[in-house]
Amino acid sequence: MSSNSSKPVIVFDNVSKLYRLGTGHDSLRDAIPALLKKLAGRNGADPHHHSSNEFWALKDVSFQVHKGETVGIVGPNGAGKSTILKMLSKIIRPTKGDISVSGRLAALIELGGGFHPDLTGSENIYLQGTMLGFSRREIAKLYDSIVAFSEIEKFLQTPVKRYSSGMVVRLGFAIAAHVSPEVLLIDEVLAVGDLSFQQKCFKRIDELKKEGTTIVFISHNLEAVQKLCDRAILLRGGRVFDQGETSEMVRRYRDDIFSGMLKQTAGEIAHSDGTFKINSVLLLDADGKEVETIETARPLNIEISYETKRQIRHPSVRVSIERMDGLVCHTTNSRQNGLEVGELNGEGTVTLQYLSVNLLPNLYQVSVDVYEEDNLVPLASVRQHRLFQITSSFPEEYGAVHLDHEWSLSALPQLSSGVKR
C-alpha cells in the first residue's frame, strides 16, 4: 500500500444520492423502458409529485482512497455500498457532491454489467476492451489469457444471454483482471462463482494488490474483507458511520448485526406438537451466568428447559450450532453420544457442555430439536433462535475454527566456508 501522503486516486466529497421511487432514472438503460411504459400509458406515477417517494441512498458521504490501497466497504443491505460503486463506475450520477477517479478503471459490480446479451462471449471480450480504451490489437494479445482464466472456452461463441450467472461472473472477472486496471471495483458478484473459481479470483486480486492496483471491495464475506483490505469504511443508513483499521470495522459491523438480530428474534415461539414443550434455551458460561458473547476457546453450556404433557419414551435431543452464513459448525445428538434416557415425565433440563468452544469471531445461532424413539419428525424445535457471537484474542487467525498450536524453529547448523584440507 502506498503512503497516504500521495495524491488520492479516488475522492468522494460530500456525495449524496436521491432516488425518487418509481420516477427517477439515472441511466439510459433505465430511461428507455420507462419511456416505453409512459407511451403505453402504464407508468402510473405522477412525475410532479415526489415528496412521499424520496429516498436518500447516500447522504453527505466523504472519503479518499490512495494509490495501491485496498479498501473494503461494509454495512447492512441498503446502507449504500453498491450505490457508491455504481457512482465510481459512472453508471449513475450523484445528486449532490463531487466524485473524482484517476486512472483506468475496471468494474465487476453487477451480473452482466456492460455485456451485450446478444453478442457472444468472444465479441463481448472485444467490446469490453474497447470500452476501456484498448485497441483491437491490444485486446488480441490478452485474449488467450482471458479465455484461459475464465474456463468457459467452449461457450465463447454462444450469446451471453444464454450464460448462467456463474459463467457471466467468470468472463466478467477474467476481463477485469487482465486489462491492467489502475482502479478495480468489485461487488458481491464473486459469491456467485464456485469455490475453486472464487479462490482463483482472490489469488488474482492479491497479485493485483502487489502490482499497485487500487481496489475497492464489497463483500458480505467478512473474512475476505479482513484478509484483503488495508482498511475499511463502515456504512449505516447511507452515511459513513466510521472508517479505519479493517478488523475494528468488521468487529463494529458484527456488533451492529448482532444487536439488530437480537431485537428481531425477541419473543420468537418454538414449534411443538403439544406433548413436549421447550420452555427456554440458555447459553451459560462456566459460572452459570447467561451470556450472549463468549471468547474463543472458553467453555459454554447450553441449557434446555422442558415440560412434557405425557410420557416421552427414549427421547433424544439434537443441538446444532450454525454460523450466520449457513455453515454448520457442530451438530450433536444426546442419545448417540451416550445419554440414554428411558422416559421423560414432567419438567426438567438437559445441558450440553462444551469444554472449549474453538470457533473464531463471527455470529452464530443455536437450533434444538427433540425426538421420541426413532421418529424422524421432532416433537418440538427451536430453530435458529438463540443467537450469540464469538470474540477472540487471536486477531491474526482466519477461518472457521481456532486450533491449539505452537510454533518452533530448528536452525540448521552453518556449514564452514573454509577450504577442506
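From a predicted model like this one, the values you see are computed outputs, not experimental measurements. (Residues numbered from 1 in each chain as written. Predicted model: local features only at pLDDT ≥ 70, side-chain atom pairs only at ≥ 80, totals over all residues. Heavy atoms only, no water.)

K.L.:
I keep staring at unusual backbone geometry and nothing clicks. Help me out?
P.N.:
Phi angles above zero are rare outside glycine, and Asn14 is one such case at about 50 degrees. Note on placement: Asn14 falls in strand S1 (residues 8–20). For Asn14, a relative accessible area of 43% puts it in the partly exposed group. Notably, Lys90 is not glycine yet its phi reads approximately 65 degrees, a positive angle. By the element assignment, Lys90 lies in the loop between helix H2 (81–88) and strand S4 (96–101). The class for Lys90 is exposed, based on a relative accessible area of 73%. (Helix = DSSP H or I, 4+ residues; strand = E, 2+ residues; numbered from the N terminus. Buried < 20%, exposed > 50% of the residue type's maximum accessible area, 1.4 Å probe, protein only.)

K.L.:
Explain helix H5 (residues 165–178) to me, please; I cannot follow it from the model alone.
P.N.:
For H5, which comprises 14 residues, the first-to-last C-alpha distance of 20 Å matches the rise-based estimate of 20 Å (1.5 Å per residue) to within 8%. H5 sits mainly inside the fold: 13 of its 14 residues count as buried. Ser180 lies just past H5 and shows a positive phi near 50 degrees. (Expected span 1.5 Å × (residues − 1).)

K.L.:
Mind showing me how you'd approach the confidence of the model for the protein here?
P.N.:
Predicted coordinates in regions of low pLDDT should not be interpreted in detail. With 84% of its residues at a pLDDT of 70 or more, the protein shows a mean pLDDT of 83. Confidence drops under pLDDT 50 across residues 43–50; counting only partners more than four residues distant or on other chains, this segment forms nine contacts. (pLDDT = per-residue confidence, 0-100. Contact = heavy atoms within 4.5 Å.)

K.L.:
Just to check I follow, could you spell out helix H6 (residues 195–210) for this structure?
P.N.:
Owing to its 3.6 residues per turn, the α-helix brings residues three or four apart onto one side. Under the 1.5 Å per step criterion, the end-to-end length of H6 is 23 Å for 16 residues, consistent within 8% with the ideal 22 Å. Restricting attention to buried positions, one finds in H6 the residues Phe197, Gln198, Cys201, Phe202, Arg204, Ile205, Leu208 and Lys209. For H6, the angular spread of buried residues about the axis comes to 160 degrees, placing them on one side. Turned more than 90 degrees away from the buried face of H6, the exposed residues are Leu195, Gln199, Lys203 and Lys210. Structurally, H6 contributes buried residues whose contacts are with strand S3 (70–74), helix H4 (136–150), H5, strand S6 (183–186), strand S7 (214–218) and helix H7 (222–228). Gly212 sits one or two residues past H6 and shows a positive phi near 95 degrees. (Arc of directions from axis to C-beta.)

K.L.:
So what exactly am I meant to see when it comes to the packing of aromatic side chains here?
P.N.:
The description of an aromatic ring pair rests on the distance of the ring centres and on the angle between the ring planes. Within the structure shown, the criterion is met by seven aromatic pairs. Here Phe149 and Phe197 contribute two aromatic rings whose centre-to-centre distance is 5.8 Å and whose plane-to-plane angle is 70 degrees, an arrangement assigned as edge-to-face. Taken together, the positions of Phe149 in helix H4 and Phe197 in helix H6 put the pair 48 residues apart, joining distant regions of the chain. Residue Phe149 shares its accessibility class with Phe197, and that shared class is buried. (Phe/Tyr/Trp six-rings, centres within 6.5 Å; stacked < 30°, edge-to-face > 60°.)

K.L.:
I tried to follow the nonpolar core on my own but got confused; where do I start?
P.N.:
Nonpolar side chains in soluble globular proteins tend to be buried together. Ranked by internal contacts, the top residues of the largest apolar core, which has 46 residues, are Ile125, Phe173, Leu190 and Phe217. In terms of residue count, the dominant contributor to this core is H5 (nine residues). Beyond its immediate sequence surroundings of up to four residues, Phe217 is in contact with Val71, Gly72, Ile73, Ile186, Phe202, Ala224, Val225, Leu228 and Cys229. Judged by nonpolar contacts, the second largest core, of 28 residues, contains Val281, Leu283, Val317 and Tyr354. (Core = buried A, V, L, I, M, F, W, Y, C linked by side-chain atoms within 4.5 Å.)

K.L.:
Before we go on, may I ask you to explain the sheet that holds strand S18 (residues 347–354) in this structure?
P.N.:
Picture the strands of a sheet paired through backbone hydrogen bonds; they go either parallel or antiparallel. As summarised here, the arrangement of the three strands in space is S11-S13-S18, forming an open sheet in which the pairing is antiparallel. Of all strands in the sheet, those bounded by a partner on one side alone are strand S11 (276–284) and S18. Looking at each pair of strands side by side, their axes are set apart by 20 degrees on average, direction ignored. (Pairing = 2+ DSSP bridges. Axes fitted to C-alpha atoms, helices over the stretch in contact; angles between N-to-C directions.)

K.L.:
Would you explain the environment of Tyr354 in this entry?
P.N.:
Inspection of the secondary structure assignment puts Tyr354 in strand S18. Distance from Tyr354 to Ala297, taken between C-alpha atoms, is 9.6 Å for residues 57 residues apart in sequence. Beyond its immediate chain neighbours, meaning those up to four positions away, Tyr354 contacts Pro299, Leu300, Asn301, Ile302, Ile321, His330 and Thr332.

K.L.:
Is there a simple way to explain the environment of Arg310 in this structure?
P.N.:
Positionally, Arg310 belongs in the loop between strand S13 (300–308) and strand S14 (312–313). Taking the C-alpha atoms as reference points, Arg310 and Gly274, 36 residues apart in sequence, are found 9.6 Å from one another. Not counting residues within four places of it along the chain, the set of residues in contact with Arg310 comprises Thr275, Leu344, Asn345, Glu372 and Leu379.

K.L.:
In this structure, what is going on with the environment of Ile215? I would like to understand it.
P.N.:
Secondary-structure assignment places Ile215 in strand S7. On a C-alpha basis, the gap between Ile215 and Lys67 in space is 8.9 Å, while along the polypeptide they are 148 residues apart. Those residues in contact with Ile215 that sit more than four places away from it in its chain are Glu69, Thr70, Val71, Leu184, Ile186, Ile205, Leu208 and Lys209.

K.L.:
Before we go on, may I ask you to explain the sheet that holds strand S5 (residues 105–108) in this structure?
P.N.:
An order of S5-S6-S7-S3-S8-S9 is seen for the six strands of this open sheet, with the pairing classed as mixed. Since the sheet does not close on itself, it has two edges, and those belong to S5 and strand S9 (239–245), each with one partner. Here the average twist between neighbouring strands, direction ignored, is 15 degrees. Examined bridge by bridge, S3 and S7 share four bridges and lie parallel to one another. Among the inter-strand pairings, Val71 is bridged to a residue of S7, identified as Val216. In the packing of H2 onto the sheet, the strands contacted are S3, S5, S6, S7 and strand S8 (231–236), and the crossing angle to S7 comes to about 145 degrees.

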